[in-house]
Amino acid sequence: MSEVKKIATRDSYGNALVEAGAKYDNLLVLDADLAAATKTGVFKKAYPDRHIDCGIAECNMVTIGAGLAATGKIPFVSTFAMFAAGRAFEQVRNSVGYPKLNVKIGATHAGISVGEDGASHQCNEDIALMRAIPGMVIINPADDVEARAAVFAAIEHNGPVYLRFGRLATPVINDTPDYKFELGKGVVLKEGKDITIVATGLCVAESLAAAARLEADGISAKVINIHTIKPLDEELIITAAKETGKVVTVEEHSVIGGLGSAVCDCLSENAPTPVMKIGINDVFGESGPAVELIKKYGLDAEGIYSKIKSFS
Amino acid sequence: MNKLELQKTANEIRKGIVTAVHSAKAGHPGGSLSSADIFTYLYFNEMNIDPENPKKADRDRFVLSKGHVAPALYSTLANRGYFPVEDLKTLRHLGSYLQGHPDMKGIPGVDMSSGSLGQGISAAVGMALSAKLSNEDYRVYTLLGDGELQEGQVWEASMFAGHRKLDNLVVIVDNNGLQIDGNIEDVCSPYPIDEKFKAFNFHVINADAHDFDSLETAFAEAKATKGMPTAIIAKSTKGKNVSFMENQAAWHGTAPNDEQYAIAMEDLKKVGEALCQK
């Protein structure tokens, strides 16, 4: 078996911006002294005049983005998820969300897979924060292919978009000729009849691997990739819940307010179904290699598999 | 407009402010009245704008960073012809487009939503940067309160504006010396304001916020300044021209009752009569 190609979605972000920069003259990229880490450095190299380093001042950067959008530019404001959604929350809420300005928030280093930097930089709350803002679109791509497509989908959507990218290189799972990204549409990656696994981000590949193991145990799991957490593909989730009777959500985010909560919000109203939420269980992260942290916090295939076994 | 016309217009704008806040039974009259002459100068003499075409691409932009003085902005826009003066009475009412703080989505002539202090200046900086990046000529004006200078984001934005040499940006500080909790010097002094902006690589002009000659000189100097943004520190009187509101922090965010409203309008009527005799 050939080695699986792995790419961090933050790299996909930078690469997609370079590609998009050629197509959209009014696209600008803003950073807060982290261009090397957010991987927008490649855009800076390609379009030095359209890359704005705001220095270490994320609140100002986000609001400058609002001013740029109000005058017809398409700004991508880039920093770590912790600072984009956390530190600058109120700027995103009041200066981007409320006036519905066309600002794209490129949030890298989301979740515990930040790794060694530890809990201060591991943002497991950003989806919850962004979901609460009316009109905010939230995209959490599963791999390189989806991340690059998400950048273009964000540009084509007129309004605020929060894009969530990771630091860790993760398997490419969407490298197919007929791949198509549709904003707000979930993707069924595997059919199944006993249980539905709804996963997002780097947990999608792990969930597919977990589903394969469940299959060997005689449990047929349907796997849905939700790249757009808001607006949520409610129809797909309701249908799957009715078909399989049980739902598991998997995300590299707190179990409070993220994909799991969004799915529960949807199902409790439309098709009450038992749901198990797999994610970060209301704790802060810690320092360590990303792969080991994902294992420790039960977000690898093995962890997902054993939790689902206990649920089914 | 000549000086007398500006003074008369400012007086009408003040009447609109007091009427709007009285009708809303809530709002911020003190800082609205202190900034009324600045608004008048900007919208009637300084800015390239067209009330018939509020979104024309090459217009000068204005961002009300001290968003709570929305009554002053709205009264100015109404008197300038963006929407009926009569609508000012709907301020803060349920269903009115005149929201408590500026809402760019629903109010003709409002270039940026604001209200959370410290953010408007950053948005204005973004607009000024935008003009520079695409070689456009429009200028960007933003009005801040002196209490607002306590927000750290003001200085993040100022550092960036100075660094980027945004000479199409004019930051105006309505220096009325009072904030909700009292005298700005007692709460948390932002002084020396001029020296601070100088340190952030601004050209700084001290002006009298109620003297149109002083404002004319200041804005002309700002326009002539190249290679750096300008900050105009405009010394003002909170509650200007309403006798019982002048220099009273208590009138920062309180609406006049019917009796007080009558006194306020009488005060402004007298100001208007005095101007007519000039």
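This structure is a prediction, so every number in the text was calculated from the model and none was measured.

Criteria and thresholds
- Residues numbered from 1 in each chain as written.
- Chains lettered and ligands numbered in written order.
- Predicted model: local features only at pLDDT ≥ 70, side-chain atom pairs only at ≥ 80, totals over all residues.
- Core = buried A, V, L, I, M, F, W, Y, C linked by C-beta atoms within 7 Å.
- Buried ≥ 20, exposed ≤ 12 C-beta atoms within 10 Å, placed from the backbone.
- Domains from an automatic or database assignment.
- Contact = placed C-beta atoms within 7 Å.
- Helix = DSSP H or I, 4+ residues; strand = E, 2+ residues; numbered from the N terminus.
- Nonpolar A, V, L, I, M, F, W, Y, C, P; charged D, E, K, R; others polar.
- Pairing = 2+ DSSP bridges.
- Axes fitted to C-alpha atoms, helices over the stretch in contact; angles between N-to-C directions.

Undergrad: Explain the nonpolar core here, please?
TA: One finds A107(A), L163(A), V125(B), I172(B) and I232(B) to be the most contacted residues of the largest nonpolar core, which totals 182 residues. When residues of this core are sorted by domain, at least three fall in each of domain 1 (6–171) and domain 2 (187–311) of chain A. Excluding residues within four positions of it along the chain, A107(A) makes contact with F80(A), A81(A), A84(A), A85(A), D126(A), Y162(A), L163(A), R164(A) and F165(A).

Undergrad: Quick question: what am I supposed to make of the domain arrangement of chain A here?
TA: Interface size is often expressed as the accessible area that is lost when the parts come together. All names here are of chain A. As far as domains go, chain A holds domain 1 (6–171) and domain 2 (187–311). Put simply, the middle of domain 1 and the middle of domain 2, counted by C-alpha atoms, are 25 Å apart. If you list the elements that add at least two residues to the side of domain 1 that touches domain 2, you get α7 (126–131), β6 (137–139), α8 (144–156) and β8 (169–171). The residue makeup of the side of domain 1 that touches domain 2, split by class, is 13 nonpolar, 9 polar and 6 charged.

Undergrad: Would you explain the interface of chain A and chain B in this entry?
TA: Listed per partner, the contact involves 20 residues of chain A and 19 residues of chain B. Only α4 (58–70) and α6 (89–97) of chain A provide two or more residues apiece to the side of chain A that touches chain B. For the side of chain A that touches chain B, the element with the most residues is α4(A), which contributes 9 residues. Split into classes, the residues belonging to the side of chain A that touches chain B amount to 9 nonpolar, 8 polar and 3 charged.

Undergrad: Can you walk me through the sheet that holds strand β2 (residues 140–145) of chain B in this structure?
TA: By way of backbone hydrogen bonds, the strands of a sheet pair with one another, either parallel or antiparallel. Residue and element names in this part refer to chain B. With respect to topology, 5 strands assemble into an open sheet ordered β1-β2-β3-β7-β6, the strand pairing being parallel. With partners counted over all chains shown, the strands left at the sheet margins are β1 (61–64) and β6 (203–208), one partner each. The mean inter-strand angle of the sheet, taken between neighbouring strand axes irrespective of direction, is 20°. Relative to β2, β1 runs parallel, the two sharing 4 bridges.

Undergrad: Where do I start with unusual backbone geometry in this structure?
TA: Both trends apply: most residues other than glycine have a negative phi, and most peptide bonds are in trans. Cis geometry marks the peptide bond from K230(A) to P231(A); its omega dihedral reads -5°. Within the element layout of this structure, P231(A) appears in the loop between β12 (228–230) and α10 (234–244). Across the junction of Y191(B) and P192(B), the peptide omega takes the value -5°, indicating a cis bond. As for its placement among the helices and strands, P192(B) is situated in the loop between α6 (184–188) and α7 (193–199). Even without a glycine there, the phi angle at H109(A) is positive, about 60°.

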